[in-house]
Amino acid sequence: MRVVTTAQPLDVQPTPLALLLLGREADPKSERGVECPGDLPSPSDPDLVARARAAKEKLGDKVFILGHHYQRDEVIEFADVTGDSFKLAKDAAARPEAEYIVFCGVHFMAESADILTSDDQKVVLPDLAAGCSMADMATAEQVAECWDVLTEAGVAGVTVPVSYMNSSADIKAFTGKHGGTICTSSNAKKALEWAFGQGDPQQTKVLFLPDQHLGRNTAVRDMGMSLDDCVLYNPHKPGGGLTVEQLRNAKMILWRGHCSVHGRFSVDSVNDVRARIPGVNVLVHPECKHEVVAAADHVGSTEYIIKTLEAAPAGSKWAIGTELNLVRRLANRFAAEDKEVVFLDKTVCFCSTMNRIDLPHLVWTLESLAEGNLVNRIQVDKETESFAKLALERMLALP
């Protein structure tokens, strides 16, 4: 005899994390669920350190290792130069004798290095999964669709694209092809001034890609525009979620993108650190939200942050709103000068994709190259490279 049973519904409620992973909920304090509470594992074992040294020595001048400021200390130890993404790409171009450029950073940075270096040089990314969530928020297809929306609204002809360095080669190429320029967090104001000078300042608009916060902060804080001059284009909504009238009235069309790390800082973070550390100076990166930038004492790029701390008087106290690896490195560096440096937020959060470049990946890369095996090469196709380089050259020509 066959017994038929009726399944009873399980009284199970999905957790917030499960809903987040299913794409049914959002975490307002992070992008795509990127959270990194706690500390990173201990540095890699001494054998890896010795192997990295041996492989690098074997390669000699054939290899040039670039280390972004947000990298782990164990990786920075082997970098020939450190800096932000554009500085490192230029440093690579200035070393034509190096056959291999090992970029300890993320994918878009390696692309920029490939664009700026010679055809004889090979750019390598130790882990191909080291991407950038901000750069991934603007795809070539989405931006092309956005341009169609602007064309239908009758404003594409008076719109100049300005793309942040933290963008893919495809987006840089789109920018170059449509008469725009690239910017860094250091020269964003100059880039916007250049863009508005390409036509009638009363009619010209800027499509700013892909970081809404840098675009908004530069326009409002540095150039005296109002928040009403800015509209937010959401690539996941029809027409970007904007009306034709909104597009026609706007001066800044901001792409709905942001940095997963810098977007976590809040005004509560600022208020909390001021309460905990009397007399503290709050210094944040312009990728932070507008209200955080408005509440800070100082705002600037990574290089600005470093130079500000270098010039700070002994005994001063600083809360820094940027990636934690850099903040920790600065805290250790300036402790000897009696400068107190703390992380702005209580929640520990590294750049999770940047931290994919660890010592095991670097060792594997160097040993592979030393054995004559080219791995993880980043190579931009010639057409994309041509238009992307055009946009970069316009930036380099800025006063």
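This report concerns the structure included in the present document. (Residues numbered from 1 in each chain as written. Predicted model: local features only at pLDDT ≥ 70, side-chain atom pairs only at ≥ 80, totals over all residues. Heavy atoms only, no water.)

1. Details of the overall build of the chain
Within the chain, the regular secondary structure consists of 17 helices and 14 strands. Classification of the 399 residues of the chain by burial places 53% in the buried group. Look at the contacts in the chain between residues 6 or more apart in sequence, and 69% of them connect residues 24 or more apart. For the chain, the computed accessible surface area is about 18300 Å², with 51% contributed by carbon and sulfur atoms. (Helix = DSSP H or I, 4+ residues; strand = E, 2+ residues; numbered from the N terminus. Buried < 20%, exposed > 50% of the residue type's maximum accessible area, 1.4 Å probe, protein only. Contact = heavy atoms within 4.5 Å. Areas by Shrake-Rupley, 256 points an atom, 1.4 Å probe, with all protein chains shown as cover.)

2. Some remarks on the packing of helix H14 (residues 302-311) against helix H15 (residues 324-335)
Close contact between H14 and H15 brings their axes to 11 Å; oriented N to C, the two are set at 15 degrees. By the criterion of interaxial angle, the relationship of H14 to H15 is roughly parallel. Helix-helix and strand crossings are classified by hand; for H14 and H15 the assignment is right-handed. Across the interface between the two elements, Thr302, Ile305, Ile306, Leu309 and Glu310 of H14 pack against Leu326, Leu330, Arg333 and Phe334 of H15. Here the residues of the contact of H14 with H15 sort into six nonpolar, one polar and two charged. (Axes fitted to C-alpha atoms, helices over the stretch in contact; angles between N-to-C directions. Parallel < 35°, antiparallel > 145°, perpendicular 65-115°, else oblique. Left-handed = near helix turned anticlockwise from the far one by under 90°. Nonpolar A, V, L, I, M, F, W, Y, C, P; charged D, E, K, R; others polar.)

3. Some points on the sheet that holds strand E4 (residues 122-124)
Pairing in this open sheet of five strands is mixed, and the strands run E2-E1-E3-E4-E14 from one edge to the other. One side of each edge strand has no neighbouring strand; the edge strands of this open sheet are strand E2 (81-83) and strand E14 (377-378). Here five bridges tie strand E1 (residues 63-68) to strand E3 (residues 100-104), and the two strands are oriented parallel to one another. Among the inter-strand pairings, Val63 is bridged to a residue of E3, identified as Tyr100. (Pairing = 2+ DSSP bridges.)

4. Remarks on a negative patch on the surface
On the surface, Glu141, Asp170, Asp381 and Glu383 cluster together into a patch of negative charge. Tracing the chain through its elements places Glu141 in helix H7 (residues 140-152). The class for Glu141 is exposed, based on a relative accessible area of 59%. (Patch = residues over 30% accessible without salt bridge, like charges linked within 9 Å, V, L, I, M, F, W, Y side chains within 5 Å. Salt bridge = Lys/Arg side-chain N within 4 Å of Asp/Glu carboxyl O. Lys, Arg positive; Asp, Glu negative; His and termini not counted. Charge placed at Lys NZ, Arg CZ, Asp CG, Glu CD.)

5. Observations regarding the sheet that holds strand E6 (residues 181-183)
As summarised here, the arrangement of the five strands in space is E6-E5-E7-E9-E8, forming an open sheet in which the pairing is parallel. Edge strands, defined here as strands with exactly one partner in the open sheet, are E6 and strand E8 (230-233). In this sheet, adjacent strand axes meet at a mean angle of 25 degrees when their direction is disregarded. Pairing geometry for strand E5 (residues 159-164) and E6, over three bridges, is parallel. Bridge pairing links Val162 to Thr181 in E6.

6. A look at the packing of aromatic side chains
Scanning the entire structure with this criterion turns up three aromatic pairs. Centre to centre, the rings of Trp147 and Phe174 are 5.5 Å apart; their planes meet at 80 degrees, and the pair counts as edge-to-face. One end of the pair, Trp147, is in helix H7; the other, Phe174, is in helix H8 (residues 169-177), with 27 residues separating them in the sequence. Among the residues examined, Phe174 registers a relative accessible area of 12% and is labelled buried. Measuring from ring centre to ring centre gives 5.3 Å for Tyr233 and Trp255, while their planes differ by 25 degrees; the resulting arrangement is stacked. Within this pair, whereas Tyr233 is found in strand E8, its partner Trp255 is found in strand E9 (residues 252-255), the two being separated by 22 residues in sequence. For the residue pair Tyr233 and Trp255, the accessibility class agrees, reading buried in each case. (Phe/Tyr/Trp six-rings, centres within 6.5 Å; stacked < 30°, edge-to-face > 60°.)

7. Describing the layout of surface pockets
The volume enclosed by the largest pocket comes to roughly 480 Å³. Lining the largest pocket are 34 residues, with Tyr70, Phe108, Cys132, Asn166 and Glu287 sitting closest to its centre. Contributing elements (two or more residues each) for the lining of the largest pocket: helix H4 (85-93), helix H5 (107-116), helix H6 (133-136) and H14. For the lining of the largest pocket, the leading source of residues is H6, giving three residues. Grouping the amino acids of the lining of the largest pocket by side-chain chemistry returns 14 nonpolar, 14 polar and six charged. (1 Å grid on protein atoms, 1.4 Å probe; cavity = no way out; pocket = protein on both sides within 12 Å on 5 of 7 lines; lining within 4 Å. Points joined across faces, edges and corners; volume = space filled by probe spheres on them.)

8. Considerations on unusual backbone geometry
Negative phi characterises most residues that are not glycine, and trans characterises most peptide bonds. Residue Pro210 is reached from Leu209 by a cis peptide bond, and omega for that bond is -20 degrees. Secondary-structure assignment places Pro210 in the loop between strand E7 (205-209) and helix H10 (212-222). In the Ramachandran plot, Asp338 falls in the positive-phi region, its phi being about 60 degrees despite a non-glycine side chain. Note on placement: Asp338 falls in the loop between H15 and strand E13 (340-343). With a relative accessible area of 52%, Asp338 lands in the exposed category.

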